[in-house]
Amino acid sequence: MSLIVPKFDESVVVRSAEAEVIGRAPTTIRLLADSSATGGALSTQRVTLTDGADGAKPHHHAGSAEMFYLLDGTAQLLSGEQVVTAERGDLVIVPPGLPHAFAAAPGHDADILIVITPGVERFEYFRHLERIAYGKVPPESLLDVQELYDTYFLQSAAWDERH
């Protein structure tokens, strides 16, 4: 068993009003703390989805676990080949290598705190997603940065069949 010892010596405090916000309804992402702020311990963001909006397509992380905590609402999460419905107060932790995706459940909103550990610099990844959403770069440009952000996209019949 390996132990990751983060290298930072002051508490990280992010005020809500100071967090960078990416996107707008139906998908809003608050960038809270990137890996560089936590000495590599974790990176975290808050994703708010309205009316069944998608959060992330099926993918996996080779070196990090991802935690989803439902602050409010109802979400669907792909975990391997199983689609799990999570509600307010529920926690889902996906280990490295396991395919996963998430969305607000059809007809519902979801407010999700997401933590990736060990941390990966992810803020620029979300900015990249915003550039795709606004048509500034093509969606396939994500394929060029999969390794950089430890986010490897894949197909999932279980996820495709959820609607």
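Our structure is the block above this text.
Please read these numbers as outputs of a predicted model, since none were measured by experiment.

Turning our attention to the environment of V47. As for its position among the elements, V47 is in strand β3 (residues 43-49). A relative accessible area of 3% means that V47 is categorised as buried. C-alpha of V47 to C-alpha of Y69: the two residues are 22 residues apart in sequence and 10 Å apart in space. When near neighbours in sequence (up to four residues on either side) are disregarded, V47 contacts T28, I29, F102, A110, D111, I112 and I114.

Looking at where T151 falls in the secondary structure, it is placed in the loop between α1 (123-133) and β10 (152-153). In this structure T151 comes out as buried when scored by relative accessible area, which is 2%. A distance of 2.7 Å separates the side chain of T151 from the side chain of R122, its partner in a polar contact. Here the side chain of T151 touches Y149 through a polar contact of 3.0 Å, landing on its backbone oxygen. Ignoring anything within four residues of it in the chain, the contact list for T151 reads H59, H60, H61, R122, Y125 and Q146.

Quick look at the layout of surface pockets now. Any empty space left between atoms is shown by rolling a water-sized probe over those atoms. In this structure, the largest pocket occupies an estimated 560 Å³ of space. Considering the residues around the largest pocket, the lining is formed by 22 residues, among which T27, G55, L129, I132 and A133 are closest to the centre. At the level of elements, β1 (20-24), β2 (27-33), β4 (54-60) and α1 are the ones that each hand at least two residues to the lining of the largest pocket. When its residues are assigned to classes, the lining of the largest pocket shows 14 nonpolar, four polar and four charged. In this structure, the second largest pocket spans a volume of roughly 170 Å³. As for the second largest pocket, its lining consists of eleven residues, and the residues nearest its centre are K57, P58, Q155, W159 and D160. Mapped onto the lining of the second largest pocket, the elements with two or more residues apiece are β4 and α2 (157-160). Here the lining of the second largest pocket gets three residues from one element, more than from any other, and that element is β4.

The rules behind the values
Throughout this description, residue numbers start from 1 for each chain and increase along the sequence as written. Owing to the predicted nature of the model, reporting of local features is limited to residues with pLDDT of at least 70; listing and counting of side-chain atom pairs is limited to 80 or more, with chain, interface and lining totals taken over all residues. Excluded from the side-chain calculations are hydrogens and water; all other atoms, namely the structure's heavy atoms, are used. A run of H or I in DSSP counts as a helix once it spans at least four residues, and a run of E counts as a strand once it spans at least two, with each numbered from the N terminus. Relative accessible area decides the class of each residue, using a 1.4 Å probe on protein chains only: under 20% of the type maximum gives buried, over 50% gives exposed, and in between gives partly exposed. Between two residues, a contact is recorded if the distance between any of their heavy atoms is within 4.5 Å. N or O atoms closer than or at 3.5 Å make up a polar contact, with two conditions inside protein: a donor-capable atom paired with an acceptor-capable one, and, for residues adjacent in sequence, both atoms drawn from side chains. Points on a 1 Å grid, built from protein atoms alone, make a cavity when a 1.4 Å probe fits but cannot get out and make a pocket when they are open with protein on both sides within 12 Å along at least 5 of 7 lines; residues with an atom within 4 Å of a point are the lining residues. Grid points are joined across faces, edges and corners, and a volume is the space filled by probe spheres set on the points. Side-chain classes follow a simple rule in which Ala, Val, Leu, Ile, Met, Phe, Trp, Tyr, Cys and Pro form the nonpolar group, Asp, Glu, Lys and Arg form the charged group, and the remainder, Gly included, forms the polar group.

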